[in-house]
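Next come the chains, spelled out residue by residue.
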Amino acid sequence: MQPNNPPHELAPHIVFYDGECGICNKSVQTLIKWDKNESLRYAPLQGKTASERLPTTFTTKLSTLVLLSEQSTFTKSDATLEILTILNRLFVIRWLGRLTPRWIRNKIYDLVAKNRYFFNTNKQSCQFLPQEVRKRLFLP
């Protein structure tokens with residue numbers, strides 16, 4: 001792959017997140033640090049890429065993390081576990097997550113998502129990433 005290819009051609013996985021949520025932005029920054037192979041691309045749910053590739057339920061409610069891969073679309077706790085699997089991180093959490101029924105995982109996910117603005121101590125959503133990283137990893 002050549003470095004001047006658009007970001008969407010470089011990775012088979014796109015993580016869609018609430019671009020106005022500080023916790024979501026901090027999570028994306030953590031994923032970028034963990035993703036040494038640059039397997040993921042990132043796009044805000046409020047952006048052009050999300051409106052072109054996702055159903056409007058995701059882009060209007062902004063209540064879930066969405067992972068779009070070549071094979072499938074994952075949401076909520078399934079998206080989180082799949083991302084951790086792609087990055088080969090936090091094995092114990094992935095293992096426990098897979099053992100826990102989805103309805104329980106998603107109840108916990110929904111509780112955090114519902115209160116994410118309350119839990120967020122830093123209300124800023126802007127990411128302090130170098131411009132070359134933003135160009136390479138982020139979609140509009």
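Heads up: the structure comes first, above all this text.
The notes below deal with the structure included here.

Rules and cut-offs
- Counting restarts for each chain: residues are numbered from 1 in the order of the written sequence.
- Only residues with pLDDT of at least 70 get local features here, since the model is predicted, and only at 80 or more are side-chain atom pairs given and counted; chain-wide, interface and lining totals rely on the full set of residues.
- By convention in this description, side-chain values take in all heavy atoms of the structure and omit both hydrogens and water.
- The numbering of helices and of strands both runs from the N terminus, where a helix is a DSSP run of H or I of at least 4 residues and a strand a run of E of at least 2.
- Here, two residues are considered to be in contact whenever any of their heavy atoms come within 4.5 Å of each other.
- Only the protein chains shown count as cover for residues, and all accessible areas are computed by the Shrake-Rupley method using a 1.4 Å probe.
- Exposure classes here rest on a 1.4 Å probe applied to the protein chains alone. A residue is buried below 20% of its type maximum, exposed above 50%, and partly exposed in between.
- When DSSP finds two or more bridges between a pair of strands, those strands are recorded as paired.
- For a helix, the expected span equals 1.5 Å multiplied by the residue count minus one.
- Salt-bridge detection follows one rule: a side-chain nitrogen of Lys or Arg within 4 Å of a carboxyl oxygen of Asp or Glu.

### Comments concerning the overall build of the protein
So, step 1. On a plain count of helices and strands, the protein comes out with eight helices and four strands.
So, step 2. Moving toward the C terminus, one meets the helices and strands of the protein in the order β-α-β-α-α-β-β-α-α-α-α-α.
So, step 3. Relative to all contacts within the protein whose residues are 6 or more apart in sequence, the contacts with residues 24 or more apart total 68%.
So, step 4. On the protein, roughly 8700 Å² of surface is accessible, and the fraction owed to carbon and sulfur atoms is 57%.

### Section: the pairing of strand S2 (residues 40-44)
Strand residues, when the strand is regular, have side chains that alternate between the two faces of the sheet.
So, step 1. Counting buried positions over the five residues of S2 gives five, a clear majority of the element.
So, step 2. Inspection of the sheet shows strand S1 (residues 13-17) paired to S2 by five bridges, in the parallel sense. Along S2, the bridge assignment pairs Ile 14 with Arg 41.

### Here's the deal with helix H4 (residues 76-87)
So, step 1. With twelve residues, H4 ought to run about 16 Å at 1.5 Å a step, and its terminal C-alpha atoms sit 17 Å apart, in line with that.
So, step 2. Taken residue by residue, H4 has Ser 77, Asp 78, Ala 79, Leu 81, Ile 83, Leu 84 and Leu 87 as its buried positions.
So, step 3. Two residues or fewer after H4 comes Asn 88, characterised by a positive phi angle close to 55°.

### Section: the pattern of salt bridges
So, step 1. What the rule picks out here adds up to five salt bridges.
So, step 2. For Asp 110, the salt bridge is made with Lys 76, and the minimal N-O distance between the two is 2.8 Å. Of the two residues, Asp 110 sits in helix H6 (residues 102-114) while Lys 76 sits in helix H4, which places them 34 residues apart along the sequence.
So, step 3. When the shortest N-O distance is used, the salt bridge between Asp 78 and Arg 102 registers 2.6 Å. Here Asp 78 is found in helix H4, whereas its partner Arg 102 is found in helix H6, with 24 residues between them in sequence.
So, step 4. For Asp 78, a relative accessible area of 15% translates into the label buried.
So, step 5. Put simply, Asp 78, Arg 102 and Arg 105 are held in one network by salt bridges that share partners.

These results come straight from atomic positions and should not be treated as a statement about function.
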